[in-house]
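One letter stands for each residue in the lines below.
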Amino acid sequence: MNKLQTQVHEYLKSKYQKATGKDMLCQKTLSPTRSKYYFENLEDNLYEKMSDRTRGFFEAGSGEELKDKMFALRSSSAMTFNLLGNDSITVKPNNLLGAGEYRIEYEKQLDTLQKSKAPANLDAFLEKTNELCFCEMKLFEPLYHKTSFQKELPSSYEDMERYIYLDSAYFFKESIEKLKASGIKRYDACQMFKHTLGIYNYARKNELKGKKITLLNCIWTLNESLGDKKLDQQYNQIALEERNEFNKFIECMFNPINAFSKFGIDFSIKLITEKDLESILNISEEKRKWLKRY
């Protein structure tokens, strides 16, 4: 890890200890990262115990979250569960999603191409009558991601015959060319492209006419100083790159986004912060205090 990544880890660790009133018990290992920033017990990284239903989603997912990743202080999947909880969540009136109670699924897998063994893997899926929300959650990932779309996208996505709906191949392929030329590196455009394709296929397969569908890209942000002006500037620059490149991504995806309307579906992609999402959830004050760890 570089100095900025280390300092943000230390910041999050101190926030955890202050919010929960507990020291962080780390794994006993020779790995410097794990011995400082991985919990010894998964339960210490979670607000509440997982229901059997919730655990089943994570066990069936492709990310092996319960075996390793969720033990990390910076685990975005742990943050996702800590925000949304078990089974269902109630959303208050807001400008992002429709108010009401949503049923929750985690590690939602969506088919992208024919004969593909690598589906789109969404962190969470929320559903209520006439509205669906797919969530891609990020915690520290933007601090590490710096790879071009062209380098990350598998060549199979350029084979139009692999598309599940052949007529969709034309506008998704057009977006691929735009994204290749966009210069996007910080924003994970490749992953979000796959998610959009997966949601498009899901919407057509399930004939979701009249539904509102939102793809939420929810990113943790640092709202306080790290106590080092240079590091603060570096972090702010990364956050600015992320938002600017998201706007480029939306421009490049204009036709695929609009294609949903042909089937009577109101589809949008939104970039929000973890604090934006938390603010619209109907959760207890006790939980809200615990979530100050983020």
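Structural data are supplied above this passage.
Residues numbered from 1 in each chain as written. Predicted model: local features only at pLDDT ≥ 70, side-chain atom pairs only at ≥ 80, totals over all residues. Heavy atoms only, no water.

## Description of the packing of helix 1 (residues 3-20) against helix 9 (residues 229-252)
The geometry of a pair of packed helices is captured by two quantities: the angle between their axes and the separation between those axes.
Link 1 in the chain: Relative orientation of the contacting elements helix 1 and helix 9 amounts to 95°, with a least axis distance of 10 Å. Taken together, the axes of helix 1 and helix 9 are roughly perpendicular relative to one another. Across from Lys 3, Leu 4 and Gln 7 in helix 1, the residues of helix 9 making contact are Leu 231, Gln 234, Tyr 235 and Ile 238.
Link 2 in the chain: In terms of residue class, the contact of helix 1 with helix 9 is made up of 4 nonpolar, 2 polar and 1 charged. (Axes fitted to C-alpha atoms, helices over the stretch in contact; angles between N-to-C directions. Helix = DSSP H or I, 4+ residues; strand = E, 2+ residues; numbered from the N terminus. Parallel < 35°, antiparallel > 145°, perpendicular 65-115°, else oblique. Contact = heavy atoms within 4.5 Å. Nonpolar A, V, L, I, M, F, W, Y, C, P; charged D, E, K, R; others polar.)

## Side note on the nonpolar core
Grouped burial of nonpolar side chains is what soluble globular proteins tend to show.
Link 1 in the chain: Counting 56 residues, the largest nonpolar core has Met 70, Leu 84, Trp 220, Leu 277 and Leu 281 as the members making the most contacts within it.
Link 2 in the chain: Not counting the four nearest positions on each side in its chain, Leu 281 is found in contact with Leu 83, Leu 84, Ile 89, Thr 90, Val 91, Lys 92 and Arg 288.
Link 3 in the chain: Counting 42 residues, the second largest nonpolar core, distinct from the first, contains Ala 120, Leu 179, Met 192 and Phe 246. (Core = buried A, V, L, I, M, F, W, Y, C linked by side-chain atoms within 4.5 Å. Buried < 20%, exposed > 50% of the residue type's maximum accessible area, 1.4 Å probe, protein only.)

## Let's talk about the environment of Ala 239
Link 1 in the chain: Structurally, the position occupied by Ala 239 is in helix 9.
Link 2 in the chain: Taking the C-alpha atoms as reference points, Ala 239 and Leu 222, 17 residues apart in sequence, are found 9.0 Å from one another.

## With respect to the pairing of strand 4 (residues 131-138)
Link 1 in the chain: With 8 of 8 residues buried, strand 4 is to be regarded as a mostly interior element.
Link 2 in the chain: Here strand 3 (residues 120-128) pairs with strand 4 via 5 bridges, running antiparallel. Counted as the bridge partner of Lys 128 is Glu 131 from strand 4.
Link 3 in the chain: The loop that links strand 3 with its antiparallel partner strand 4 comprises 2 residues; one of these, Asn 130, has a positive phi angle of about 70°. (Pairing = 2+ DSSP bridges.)

## Some thoughts on helix 7 (residues 166-180)
Link 1 in the chain: With 15 residues, helix 7 extends 21 Å between its outermost C-alpha atoms, agreeing within 8% with the 21 Å of an ideal straight helix rising 1.5 Å per residue.
Link 2 in the chain: Looking only at helix 7, the buried set comprises Ser 168, Ala 169, Phe 171, Phe 172, Lys 173, Ser 175, Ile 176 and Leu 179.
Link 3 in the chain: Tucked into the core, helix 7 has its buried residues touching helix 6 (149-152), helix 8 (189-205), helix 9 and helix 10 (254-259). (Expected span 1.5 Å × (residues − 1).)

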